[in-house]
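Architecture and fold: a report
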Amino acid sequence: MAAKPKPKEKAPTGRVNSPKQLEALRAAIVARKNPKKPCIALCVGTGCLAYGCVDILQAFKNEITKQKLENSVDVRGTGCPGFCERGALLTIYPQGVFYQRVRIEDVPEIVNETIVKGRVISRLLYQDPNTKQHYEKEADVPFYSRQMRLLLDANSKIDPTSIEDYIGIGGYSALAKVLFQIKPEQVIDKVKKSGLRGRGGGGFPTGNKWQSTRDAEGDIKYVICNCDEGDPGAFMDRSLMEGNPHSVLEGMIIGAYAIGSHEGYVYIRHEYPMAVENVMMAIKQAESKGLLGTNILGSGFHFKLKVSRGGGAFVCGESTALMASLEGKVGEPRAKYVHTSEKGLYNRPSNLNNVETWANIPHIMLKGADWFSGIGTMTSKGTKIFSLVGKVNNTGLIEVPMGMKLRDIVFGIGGGIRDGKKFKAVQTGGPSGGFIPESHLDIAVDFDELTRVGSMMGSGAMIVTDENTCMVDMAKYFVNFLQEESCGKCLPCREGLKRMIQILTDITDGKGRDEDIELLERLAATLKDASLCALGQTAANPVLTTIRYFRDEYEAHIKEHRCPAGVCKPLITYSIINEKCPGCGKCVEPCPTKAITFVAKKQPVILDQEKCIKCGTCYDICNLKAVAIK
Amino acid sequence: MPSSIAEIVKKYDRDKGQLVSILQDIQTEHHYLPKEALDEVVSLLGVPASQVYSVATFFKAFSLTPRGRHVIKVCLGTACHVRGAAKVVEKMELDLGIKRTETTPDLRYTLETVNCVGCCALGPMVMIDEKYHGQITSDKVSPLLAKYE
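Quick caveat, the model's predicted, so the values are computed rather than measured.

A look at the overall build of chain A
For chain A, the count of helices and strands is 23 helices and 19 strands. Structurally, chain A occupies a C-alpha span of about 90 × 65 × 40 Å along its principal axes. Taken across its 630 residues, chain A has 59% of its residues classed as buried. Sequence separation of at least 24 residues holds for 70% of the intrachain contacts in chain A that already meet a minimum separation of 6. As presented, chain A carries roughly 25000 Å² of accessible surface, and 52% of it is formed by carbon and sulfur atoms. Treating the 82 positive side-chain charges of chain A as one cloud and the 71 negative ones as another, the clouds have centres 5 Å apart.

What follows is the structure, encoded as structure tokens:
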């Protein structure tokens, strides 16, 4: 039943009014691009901003102009490829040469050598610190070769501020397919069948959530994207929103179609200025192309999207608190006897999903539910993005299939612990997550396994700690964080966390009592039973897991008044190791209390314990590790 | 030319739901939320003053007192914490002679702590105004501060 060949569709310049026009536009974009033309793609994500990537990008543009290469070389700022530790990061296409730790001084050499003469500068290649091997291509670097980058891959390939770049790599084709070939119910079935679970932390099956919002009564329904990534240590949502905002929008429009919603919100942290800017720009572009707004792609379906900025409250990541904030109120959660899928924003059926969840949707629609459920474990499907940070060699954003061994993540991708120190634990799941010790490093990372060992998936932060991290101090840190972020509605959370801080502070000050550990456990049980929202219910996790796995550290603080990791100030002293100190005097001037006295060259400096405030400046500044902490 | 409160409110179609965004814009304009500005928001949006005040005090991003020319945000997120962010903020307090959340009497600096700026791989992170500074240790604090007049 082949149709008569129709005249070829012309690529539209403004609105795209049909799937055919979208394909014509895509063909035109691809045709304009010469795959052989060299392109310098530099990460301009927030992480690399700290390395001065904006100036580096400008320097490349200037150098290209200076050498009159404007027409033969493209320079492009891209989203975050994830290897933040090694920024500024750049890839030169079509060869795919990957340079790391690029500084502004390197710019002329890169243009002269690699672009003009085609020579690789080995100094800028990634070198494995253990094997000393150099790697030329990004995909071969061990940090990348063990990953499966379904969502993150496009980040380094497109300019996030260009909708044409996104369309050029197949963007919005999932939307076109859904709107014209799949009924809303079937879309939901597909999502259910894929086994996709919410990436914001809860791990609730996405398809079921969509179904209940679709089934809920009401003419007006909302679709909301949660980009209030308040979880310290996690930045995958920021990276996706900055690096590929259209993929999130496409997922949301598909979701709205399936649910029967015509209005949506992106709730995004104010602390992520670049993500706010990029998503706002993406919405404007999608509207002007007719991919968002009224009569999307000529299908008759309409969906309007607004951006709302959060004000820096951790609890607003909780769905009911977020919706309260969207209504212009204080972000306090409410009891969820009635689900937000029935009564959410303005008491109307509302479907909230996390950024990463939304970004998965176009892939599932294009490649199918079976393809997606073929990745991962029995109960957790697909990939998960983790931010691998802390005391690990290769810090950054990684994406792996569910079920990868924790050991392979920390030691394989992460390259082990910095400075040859000893691994202590990985903290996952954000402030209400838990610590996982060495004995559990061989678990397969998915929603259920992490919960089984006392932690949780959360949004996917993985903070690696080493022998110099004090577990009691870490527990105190998290409880303090949650105490500050508690909205104060429920008494156990408001007062219980405060009491926990007092007890933990006593312990780290060396004033702990034998019964304190048991008291902490009792408080933890009350918090779990009597708090309304997940913040309070899970707030004691860091305390419980540290007691469970590192009880000896608590006991060392309480019984021996000793901090084994050398962190808790009242229990430690700094001293100069005379054999190691050459008397260079580098630490003398920076010492804020003038506690260090210079004697003479080749003679160790003297540290006056009376004056020392244990600020650690001398410890940080000494390259020869001649300052000891006891 | 700074936009007036009326213009900001108009930009959001007088939508009560956009209160947080409106306050964000006012704060960007004035570096804090002056009382007169909040009064104007109350009358323009037609919401109770108690609601505007509760939102303005609930969210960490807002300040009801004037802030310094340079706002220093030391990240105390987990990744920065394990790499010694506490020492960085203590050194700042020492150098500036103020505690976190305070402003120097000459209105040159305001010292704040934030929970995460999302640059976790580069901790400890310090943000001064709009600029990001990564891998800051306590010995780098004084030279860094000196760069901001």
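Topic: the sheet that holds strand β11 (residues 383-390) of chain A
Residues and elements named next belong to chain A. The five strands are arranged β12-β11-β15-β13-β14 in an open sheet whose pairing can be described as mixed. Both edges of this open sheet fall to β12 (396-401) and β14 (434-437), since each of them pairs with a single strand only. In this sheet, neighbouring strand axes are inclined to one another by 30° on average, regardless of whether the strands run parallel or antiparallel. Bridge analysis of β11 against β12 gives six bridges, and the strand direction is antiparallel. Pairing of T383 across the sheet is with P401, part of β12.

What to know about the packing of aromatic side chains
Residue and element names in this part refer to chain A. Under the criterion given, the structure shown has 19 aromatic pairs over all chains. Here the aromatic rings of Y222 and Y346 are separated by 6.3 Å at their centres, their planes lie at 55°, and the arrangement is tilted. Within this pair, whereas Y222 is found in strand β7 (residues 222-227), its partner Y346 is found in the loop between α13 (319-326) and β10 (350-354), the two being separated by 124 residues in sequence. Using a relative accessible area of 3% as the deciding quantity, one classes Y222 as buried. Grouped by ring-pair contacts, the aromatic residues F83, F98, Y126, Y135, F143 and Y144 constitute a single cluster.

What to know about the nonpolar core
One finds Y99, Y172 and M241 of chain A together with I72 of chain B to be the most contacted residues of the largest nonpolar core, which totals 169 residues. Setting aside its immediate chain neighbours within four residues, Y99 of chain A contacts A88, L89, L90, I92, I110, T114, R119, V120, I121, L124 and L125 of chain A. Counting residues in each nonpolar core, the second largest holds 34 residues, with V330 of chain A together with L19, L23 and A56 of chain B among its members.

Concerning the side chain of N244 of chain A
With respect to the element layout, N244 of chain A can be found in the loop between α10 (236-243) and α11 (245-259). Setting aside its immediate chain neighbours within four residues, N244 of chain A contacts A154, N155, I158, P160, Y166 and S239 of chain A.

Section: the packing of helix α3 (residues 35-45) of chain B against helix α4 (residues 49-58) of chain B
Residue and element names in this part refer to chain B. In the contact formed by α3 and α4, the axes pass within 9 Å of each other and the chain directions differ by 130°. Comparing their axes, α4 and α3 come out oblique. The chirality of how α3 crosses α4 is right-handed. Residues L38, V41 and V42 of α3 form the contact with α4, whose participating residues are A49, V52 and A56. When its residues are assigned to classes, the contact of α3 with α4 shows six nonpolar, no polar and no charged.

A short note on the interface of chain A and chain B
The partner chain B presents 45 residues to the 67 residues of chain A that form the contact. Summed over the shared surface of chain A and chain B, the result is seven salt bridges. Here E85 of chain A ties to R83 of chain B by a salt bridge, and the two come within 3.6 Å at their closest N and O atoms. Among the secondary structure elements, those contributing two or more residues to the side of chain A that touches chain B are α2 (46-49), β8 (263-269), β9 (304-310), α13, β11, β15 (461-466), α18 (471-485) and α23 (617-621) of chain A. Here the side of chain A that touches chain B takes seven residues from α18 of chain A, the largest share from any one element. Looking at the side of chain A that touches chain B, its residues break down into 33 nonpolar, 18 polar and 16 charged.

Examining unusual backbone geometry
Residues and elements named next belong to chain A. The peptide bond linking G87 to A88 adopts the cis configuration, its omega dihedral lying at -5°. Counting through the fold element by element, A88 comes out in the loop between β2 (74-78) and β3 (90-93). Residue P94 is bonded to the preceding Y93 through a cis peptide linkage, with omega at 5°. As for its placement among the helices and strands, P94 is situated in the loop between β3 and β4 (97-99). Despite not being glycine, Y346 shows a phi value in the positive range, around 50°. Among the residues examined, Y346 registers a relative accessible area of 32% and is labelled partly exposed.

Structural notes on the domain arrangement of chain A
The domain boundaries assigned to chain A delineate domain 1 (39-93 + 97-136), domain 2 (163-373), domain 3 (383-466), domain 4 (471-560) and domain 5 (573-630). A straight line from the C-alpha centre of domain 3 of chain A to that of domain 5 of chain A covers 35 Å.

Description of the pairing of β8 of chain A
Residues and elements named next belong to chain A. Counting buried positions over the seven residues of β8 gives six, a clear majority of the element. Summarising the sheet, β7 and β8 pair through six bridges and their orientation is parallel. In the sheet register, C225 faces β8, and the bridge partner there is V266. The sheet contact formed by β8 and β9 spans seven bridges and is parallel. In the sheet register, Y265 faces β9, and the bridge partner there is K306. The parallel pair β8 and β9, bridged by helix α12 (residues 273-288), forms a crossover whose chirality is right-handed.

Focus: the state of the cysteines
Cysteine pairs can be covalently joined through their sulfur atoms, and such a bond is termed a disulfide. Residues and elements named next belong to chain A. Under the definition given, this model contains zero disulfides over all chains. Note on C612: no disulfide assigned, nearest cysteine sulfur contributed by C618 at a separation of 6.4 Å. Counting only cysteine sulfurs, C591 is the nearest neighbor of C615, a cysteine outside any disulfide, at a range of 6.0 Å.

Cut-offs and rules
All residue numbers refer to position in the chain's written sequence, counted from 1. Ligands are numbered from 1 and chains lettered from A, in the order in which they are written. A pLDDT threshold of at least 70 governs which residues receive local features in this predicted model, and a stricter bar of 80 or more applies before side-chain atom pairs are shown or counted, although totals over entire chains, interfaces and linings include all residues. Side-chain numbers here rest on the full set of heavy atoms in the structure, without hydrogens or water. A run of H or I in DSSP counts as a helix once it spans at least four residues, and a run of E counts as a strand once it spans at least two, with each numbered from the N terminus. A 1.4 Å probe rolled over the protein chains alone gives each residue an accessible area, and that area as a share of the maximum for its type sets the label: buried under 20%, exposed over 50%, partly exposed in between. The criterion used for residue contact is that any of the two residues' heavy atoms lie within 4.5 Å. Only the protein chains shown count as cover for residues, and all accessible areas are computed by the Shrake-Rupley method using a 1.4 Å probe. Two residue types count as positive, namely Lys and Arg, and two as negative, namely Asp and Glu; His and chain ends fall outside the count. The location of each charge is read from NZ of Lys, CZ of Arg, CG of Asp or CD of Glu. Two strands qualify as a pair provided that DSSP identifies no fewer than 2 bridges between them. Convention adopted: a line fitted to C-alpha atoms gives each axis, helices being fitted over their contacting stretch, and angles between N-to-C directions are expressed from 0 to 180 degrees. Here a pair means two rings of Phe, Tyr or Trp (six-membered ring of Trp) with centres within 6.5 Å. Their orientation is stacked below 30 degrees between planes, edge-to-face above 60, and tilted elsewhere. Residues belong to one nonpolar core when they are buried, are Ala, Val, Leu, Ile, Met, Phe, Trp, Tyr or Cys, and are joined through side-chain atoms within 4.5 Å. Roughly parallel means an angle under 35 degrees; roughly antiparallel, over 145; roughly perpendicular, 65 to 115; everything else is oblique. By definition, any crossing whose near helix is turned counterclockwise from its far helix by less than a right angle is left-handed, and any crossing with a clockwise turn is right-handed. When residues are sorted by character, Ala, Val, Leu, Ile, Met, Phe, Trp, Tyr, Cys and Pro go into the nonpolar class, Asp, Glu, Lys and Arg into the charged class, and all the rest, Gly among them, into the polar class. Salt bridge, as applied in this entry: a Lys or Arg side-chain nitrogen positioned within 4 Å of an Asp or Glu carboxyl oxygen. Note: domain ranges come from an automatic or database domain assignment. The path from the first strand over the helix to the second decides the hand: if it runs clockwise while the strands point away from the viewer, the crossover is right-handed. Throughout, disulfides are identified as pairs of cysteine sulfur atoms within 2.5 Å of each other.

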